[in-house]
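These are the residues of each chain, in order.
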Amino acid sequence: DNYEEGKRYPVLIQIHGAGGRGYSYEESKTHTFFTITEQMQDFPFVVAAPICPGADDTWFDHFQSLKSLIIEVIKSDYADTERIYLMGGSMGGYTVWELGMSMPQLIAAMVPICGGGMSWRATLLKALPLRVFHGGVDSVVPLVCSEMMVEAVNKAGGHAEFTVFPGVDHNSWINA
């Protein structure tokens, strides 16, 4: 809303989980993220929300293409290059962790939800603000996956805030 040509905006790159693979643009708008942000009075972001194409693919099958897309978004006339944010849940949470570690100099902050990553590389994220969420009884992605990443970032001198939703299973993105 109220988009002005020539103005630079913060960009939120929303990375969906496995349940969103192969969706059409119209189907993707039913995701919790969009139903919540659609109701907000003030949401001053441009959102880039790529769709993982294949029903059995993962973001890691398309990782270089996804990185290239993000770089193109960052180069766009509307992007405030100092305010590029990553957010994603489940398969998207794993992808957010990896994207952040592969291009930390381009990202202002991250919100990985019920994901995990290669904790031995987490030192790459020590300069980024991180807000991490996970369900306390997640039966799909074990809680320890987020715990290990948060611990590694903080041990490296970073600042990862971590919220665990007690009694919540895998769909912790709804609470987040």
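Summarised in this report is the structure supplied together with it. (Residues numbered from 1 in each chain as written. Predicted model: local features only at pLDDT ≥ 70, side-chain atom pairs only at ≥ 80, totals over all residues. Heavy atoms only, no water.)

1. Re the state of the cysteines
In the structure shown here, the tally under the stated rule is zero disulfides. Here cysteine 52 is not cross-linked by a disulfide; its sulfur's nearest cysteine counterpart is in cysteine 114, at 16 Å. With no disulfide of its own, cysteine 114 lies closest to cysteine 145 among cysteine sulfurs, the gap being 10 Å. (Disulfide = S-S within 2.5 Å.)

2. Points about the layout of surface pockets
Within this model, the largest pocket holds a volume of roughly 710 Å³. Listed by contribution, the elements that provide at least two residues to the lining of the largest pocket are β1 (9-15), α1 (25-28), α2 (32-37) and β2 (46-48). When its residues are assigned to classes, the lining of the largest pocket shows twelve nonpolar, four polar and six charged. Size it by volume and the second largest pocket reaches roughly 520 Å³. Counting residues per element, the ones that place at least two in the lining of the second largest pocket are β1, α2 and β3 (79-89). Here the residues of the lining of the second largest pocket sort into 17 nonpolar, 15 polar and no charged. (1 Å grid on protein atoms, 1.4 Å probe; cavity = no way out; pocket = protein on both sides within 12 Å on 5 of 7 lines; lining within 4 Å. Points joined across faces, edges and corners; volume = space filled by probe spheres on them. Helix = DSSP H or I, 4+ residues; strand = E, 2+ residues; numbered from the N terminus. Nonpolar A, V, L, I, M, F, W, Y, C, P; charged D, E, K, R; others polar.)

3. Considerations on the environment of valine 96
With respect to the helices and strands, the residue valine 96 is situated in helix α4 (residues 91-102). Between the C-alpha atom of valine 96 and that of glutamate 26, which follows or precedes it by 70 residues, the distance is 23 Å. Residues contacting valine 96, with those up to four places away along its chain left out, are Ile15, Leu86, Met87, Gly88, Met110, Val111 and Pro112. (Contact = heavy atoms within 4.5 Å.)

4. A word on the pattern of salt bridges
All chains considered together, the criterion is met by four salt bridges. The salt bridge involving arginine 83 is made with aspartate 80; its shortest N-O contact spans 2.7 Å. A salt bridge links glutamate 161 to arginine 131; its shortest N-O distance comes to 3.7 Å. Here glutamate 161, found in strand β6 (residues 159-165), pairs with arginine 131, found in strand β5 (residues 129-135); they are 30 residues apart in sequence, far enough to count as distant. What makes glutamate 161 partly exposed here is its relative accessible area of 37%. (Salt bridge = Lys/Arg side-chain N within 4 Å of Asp/Glu carboxyl O. Buried < 20%, exposed > 50% of the residue type's maximum accessible area, 1.4 Å probe, protein only.)

5. What to know about the nonpolar core
Nonpolar side chains in soluble globular proteins tend to be buried together. Membership of the largest hydrophobic core comes to 34 residues, with the highest contact counts inside it found for Ile13, Ile70, Leu86, Trp97, Met110, Leu125 and Leu130. Those elements that provide at least two residues to this core are β1, β2, α3 (63-75), β3, α4, β5 and α5 (143-155). Once residues lying within four places of it in the same chain are set aside, the contact partners of isoleucine 70 are Ile13, Leu86, Leu99 and Met103. Judged by nonpolar contacts, the second largest core, of eight residues, contains Leu12, Ile113, Phe165 and Val168. (Core = buried A, V, L, I, M, F, W, Y, C linked by side-chain atoms within 4.5 Å.)

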